[in-house]
Amino acid sequence: MGANFDEIAKDFSSKINAINDEEKIKNIVLVIGESAQRNYMQIYGYDLNSTPKLSQRLSKEPENTFVFKDVISSYVTTHKSLSQVLTFANQDNKQEWHKSFNVMDFFNIISYDTYVLSNQESYGFFSVSITSILSRALNPIFLNKTDKFDNVSLDEVILKNLTKLKKDKASFYAFHLLGSHATYYKRYPKEFDVFSANSINGGGHCKTVKSQYLNSILYTDFILDEIIKYFENEDTILIYISDHAEEVCDKGEFFGHIPNQISKFMLEIPFVVYVSDTFKQKHKDLYLRIKNADKSVPYMIDDLMHSLIDLSGVKFEGFEQKRSIFSDDDSFLRQRKRLVGDKYIDYDKELRH
């Protein structure tokens, strides 16, 4: 895979012009969550306070924090979703991820430092694509040394390793959380065991499952806020997404995600953008584009790489600004069919309602 990526990067490097250091955003940060369904987050209207940190930022810093309300994943498994998120492969072009230009090589080519801190499995059948792409970073750190999810460290291990980031030049950072990966109650420490079965309306064993899921969302909210704090005094833009979502007894007593039984609940993910005050001052035109973007525009994260490139200001053959969630013209996004999974199911026509 690496040799193939080398050839692809070499081809694209001849198409991409360098940009001045003065034009660069100091910190472009991508936080990739896991199995987070936005409908269980207070910032998306959930009735319990499952995202107190983000809710506080929205209240106190409404000019710095933006919540996009209609974003979905293209698949309901990590490796298939992120192999598109991190490359030019998408549901429209049907490219294979290992034959596509990837986001790490792009930022390497334009002379950003590139860092990865991952708490996800770094080996095994389902991690080949993601590990191959993230390993293209100049500084990849994989913190999970097992493929047994029940034995993985909590996501605070990401926070403990932030000091390994040099932060001495323009950099792209990708943080890959374990988030709300089942088993839910193993994803947070005791102090985040806030919600209980009594917190949940309705009956059945799902009350306990839902409360544990909410606690994992609560913990991710804390982790995300700590990452923001680490960068907020510098020129920073941060994007938080989830690889896919999770059905949590939304229709019956099933919880999880199954590719051959896709539901809306497995697809509807958060998309949150944070910008620092320094970013607002140094990149006024870009900031206004982000601020003025319609937060209800339909979007699918198989095109996220185009959004990240759009932030950099670099234009070249292969990049399509119309696929950026920050594009001035969102007509393409509004008419695009959001086809999900291997069977290309039309989310808006067949799953959404």
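Before reading further, recall that the structure is shown in the block above.
Residues numbered from 1 in each chain as written. Predicted model: local features only at pLDDT ≥ 70, side-chain atom pairs only at ≥ 80, totals over all residues. Heavy atoms only, no water.

Each helix and strand in the protein was counted, giving 12 helices and 13 strands. Scaling as 2.2 N^0.38, a compact globule of 353 residues should have a C-alpha radius of gyration of about 20 Å, and the protein matches this with 19 Å. With respect to the principal axes defined by its C-alpha atoms, the protein has extents near 60 × 45 × 40 Å. Per-residue burial over the protein gives 60% buried out of 353 residues. Restricting the contact set of the protein to residue pairs at least 6 apart, pairs at least 24 apart contribute 77%. Surface summary for the protein: the accessible area is close to 14400 Å², and the carbon and sulfur share equals 47%. Averaging the locations of the 44 positively and 50 negatively charged side chains of the protein gives two centres separated by 1 Å. (Helix = DSSP H or I, 4+ residues; strand = E, 2+ residues; numbered from the N terminus. Rg over C-alpha atoms; globule rule 2.2 N^0.38 Å. Buried < 20%, exposed > 50% of the residue type's maximum accessible area, 1.4 Å probe, protein only. Contact = heavy atoms within 4.5 Å. Areas by Shrake-Rupley, 256 points an atom, 1.4 Å probe, with all protein chains shown as cover. Lys, Arg positive; Asp, Glu negative; His and termini not counted. Charge placed at Lys NZ, Arg CZ, Asp CG, Glu CD.)

Our next topic: the sheet that holds strand S4 (residues 113-121). Pairing in this open sheet of 7 strands is mixed, and the strands run S2-S10-S7-S1-S6-S4-S5 from one edge to the other. Whereas interior strands pair on both sides, the edge strands pair on one side only; in this sheet they are strand S2 (65-68) and strand S5 (139-144). The average angle at which neighbouring strand axes cross in this sheet is 10°, direction not considered. (Pairing = 2+ DSSP bridges. Axes fitted to C-alpha atoms, helices over the stretch in contact; angles between N-to-C directions.)

So, to be careful, I would describe these as geometric facts and stop short of saying anything about function.
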